[in-house]
Amino acid sequence: MTDRIFYISPLIRITLSLLYISLLIPLPFLATFTHATVPSWLLWVGIGLGFTALQGALSQRVVVDDLQIAVNYPAWVPTFVTKSWTLAWSDVKELKMRTTGQGGLVYYLIDRSGAGFLLPMRVAGFNRLVQLIQQATSIDTTDVYPLAQPWMYFALLVLTGFLLLTDTWTIWTAIDLG
């Protein structure tokens with residue numbers, strides 16, 4: 001098997017980025033309009049830093065080769081913010097399912113010492129990733145499915161579009177009345 005790289009799904013990246021923008025972009029305009037004690041330039045700086053952090057989190061990638069699986073981030077993402085890991089196929093003991101607090105299912109690759117490594121489930125080509133894990137470890141992965149289905153993110157994207165329209169009206173009104 002050659003190196004395979006799986007990135008977070010573009011649908012998820014776009015949806016979460018637009019949701020972030022739609023929730024925060026009106027704030028500096030509203031701060032100016034309402035004469036808030038926090039200056040709008042400070043809000044712009046915070047929004048920019050937050051957006052950069054979000055893009056860092058969304059730049060996670062899974063690299064699979066003949067010897068191992070690795071989850072890492074580009075060099076520009078600080079290591080104290082992210083949790084990168086590498087696990088040799090020979091060290092994988094099992095794939096364990098866990099229930100989330102919201103009732104969803106996540107999966108951990110468990111190594112021989114019992115340590116768990118969270119399987120990234122929001123990557124594009126998740127089914128192919130699971131097949132590669134099965135090939136490399138001989139663990140049955142037929143019942144492994146992504147945490148959220150694509151239609152959920154598509155629905156969130158549509159609703160975010162409506163929120164962006166509302167933001168446009170809000171910003172327009174704040175500028176017009178200001």
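An account of the accompanying structure is given in this report.

**Points about a positive patch on the surface**
Moving on, step 1. Together, Lys93, Lys96, Arg98 and Arg112 give the surface a local cluster of positive charge.
Moving on, step 2. Examined against the element boundaries, Arg98 turns out to sit in strand E5 (residues 92-99).
Moving on, step 3. For Arg98, a relative accessible area of 44% corresponds to the partly exposed category.

**Side note on the environment of Ser138**
Moving on, step 1. Among the secondary structure elements, Ser138 is positioned in the loop between helix H4 (126-137) and helix H5 (150-177).
Moving on, step 2. Residue Ser138 is classed as exposed on the basis of its relative accessible area of 68%.

**Observations concerning H5**
Moving on, step 1. Taking 1.5 Å per residue, 28 residues should reach 40 Å; H5 reaches 40 Å between its end C-alpha atoms and fits that length.
Moving on, step 2. Listing the buried residues of H5 in full gives Tyr153, Thr160, Asp167, Thr170, Ile171 and Ala174.
Moving on, step 3. Where H5 is buried, its residues touch helix H1 (10-24) and helix H2 (26-34).

**Focus: the nonpolar core**
Moving on, step 1. Formed by 24 residues in total, the largest nonpolar core has its most connected members in Val62, Val64, Ile69, Leu109, Phe126 and Leu129.
Moving on, step 2. For this core, the secondary-structure elements that each account for two or more residues are strand E2 (61-64), strand E3 (68-72), strand E4 (85-88), E5, strand E6 (105-111) and H4.
Moving on, step 3. In terms of residue count, H4 provides more of this core than any other element does, 5 residues in total.
Moving on, step 4. Sequence-distant contacts of Leu129, defined by excluding residues within four places in its chain, comprise Phe6, Val62, Val64, Ile69, Leu119, Pro120 and Val123.
Moving on, step 5. Grouped together as the second largest cluster of nonpolar side chains are 7 residues, Ile12, Tyr20, Leu58 and Tyr153 included.

**Quick word on the side chain of Thr15**
Moving on, step 1. Tracing the sequence through the fold places Thr15 in helix H1.
Moving on, step 2. The exposure class of Thr15 is buried, given its relative accessible area of 0%.
Moving on, step 3. Every residue in contact with Thr15, bar those within four places of it in the chain, is listed here: Tyr153, Leu156 and Leu157.

**Details of the packing of aromatic side chains**
Moving on, step 1. Going through the model one piece at a time under the given rule, you end up with 3 aromatic pairs.
Moving on, step 2. Centroid distance Tyr20 to Phe51: 5.9 Å. Interplanar angle 45°. Geometry classified as tilted. Of the two residues, Tyr20 sits in helix H1 while Phe51 sits in helix H3 (residues 40-57), which places them 31 residues apart along the sequence.
Moving on, step 3. On the basis of relative accessibility, which here comes to 16%, the residue Tyr20 falls in the buried class.

**Observations regarding the side chain of Thr137**
Moving on, step 1. Inspection of the secondary structure assignment puts Thr137 in helix H4.
Moving on, step 2. With sequence-adjacent residues up to four places away left out, Thr137 is seen in contact with Trp89 and Val92.

**Here we look at the packing of H1 against H3**
Moving on, step 1. Following both chains from N to C, one finds H1 and H3 inclined at 165°, their axes separated by 11 Å at the closest point. Looking at the two axes, H1 sits roughly antiparallel to H3. For the element pair H1 and H3, the recorded crossing hand is right-handed. Two secondary-structure elements touch here, H1 through Arg13, Leu16, Ser17, Tyr20, Ile21 and Leu24 and H3 through Gly46, Ile47, Gly50, Phe51, Leu54 and Gln55.
Moving on, step 2. Residue classes in the contact of H1 with H3 are distributed as 7 nonpolar, 4 polar and 1 charged.

**What about the environment of Asp140?**
Moving on, step 1. If you trace the backbone, Asp140 turns up in the loop between H4 and H5.
Moving on, step 2. On the accessibility criterion, Asp140 (54% relative accessible area) is exposed.
Moving on, step 3. For the pair Asp140 and Gly161, spaced 21 residues apart in sequence, the C-alpha to C-alpha distance is 40 Å.
Moving on, step 4. At 3.0 Å, the side chain of Asp140 forms a polar contact with the side chain of Thr142.

So, how was this worked out
Within any chain, residue numbers begin from 1 and follow the written order of that chain's sequence. Under the rules for a predicted model, residues below a pLDDT of 70 receive no local features and side-chain atom pairs below 80 are neither given nor counted, while totals for whole chains, interfaces and linings still include all residues. Working from all heavy atoms in the structure, the side-chain values ignore hydrogens and water. Here the term patch refers to residues with relative accessible area over 30% and no salt bridge, with like charges joined within 9 Å and nonpolar side chains (Val, Leu, Ile, Met, Phe, Trp, Tyr) within 5 Å. Surface exposure here means Shrake-Rupley accessible area, sampled with a 1.4 Å probe, where a residue is shielded only by the protein chains that are shown. Salt bridges, as used here, are contacts in which a Lys or Arg side-chain nitrogen is within 4 Å of a carboxyl oxygen on Asp or Glu. We count Lys and Arg on the positive side and Asp and Glu on the negative side, and we leave His and both chain ends out. Lys charges are placed at NZ, Arg charges at CZ, Asp charges at CG and Glu charges at CD. Every helix listed is a DSSP run of H or I at least four residues long, and every strand listed is a run of E at least two residues long, numbered separately from the N terminus. Burial status follows relative accessibility: with a 1.4 Å probe on protein chains alone, a residue under 20% of its type maximum counts as buried, one over 50% as exposed, and anything between as partly exposed. How far a helix is expected to stretch is found by multiplying one less than its residue total by 1.5 Å. We call two residues in contact whenever any of their non-hydrogen atoms come within 4.5 Å of each other. Put simply, a nonpolar core is a bunch of buried Ala, Val, Leu, Ile, Met, Phe, Trp, Tyr and Cys residues held in one set by side-chain atoms that sit within 4.5 Å of each other. Pairing of aromatic side chains requires ring centres within 6.5 Å, counting the rings of Phe and Tyr and the six-membered ring of Trp. Pairs whose planes differ by under 30 degrees are stacked, by over 60 edge-to-face, and all others tilted. Axis definition: a line fitted to C-alpha atoms, limited for helices to the stretch in contact. Angles are taken between N-to-C directions and run from 0 to 180 degrees. With respect to orientation, any angle under 35 degrees is reported as roughly parallel, any angle over 145 as roughly antiparallel, any angle of 65 to 115 as roughly perpendicular, and every other angle as oblique. For a crossing to be left-handed, the near helix must be turned anticlockwise from the far one by less than a right angle; the clockwise case is right-handed. Put simply, Ala, Val, Leu, Ile, Met, Phe, Trp, Tyr, Cys and Pro go in the nonpolar bin, Asp, Glu, Lys and Arg in the charged bin, and everything else, Gly too, in the polar bin. Residues adjacent in sequence count toward polar contacts only when both atoms are side-chain atoms; beyond that, a polar contact is any pair of N or O atoms within 3.5 Å, and within protein one must be able to donate a hydrogen and the other to accept it.

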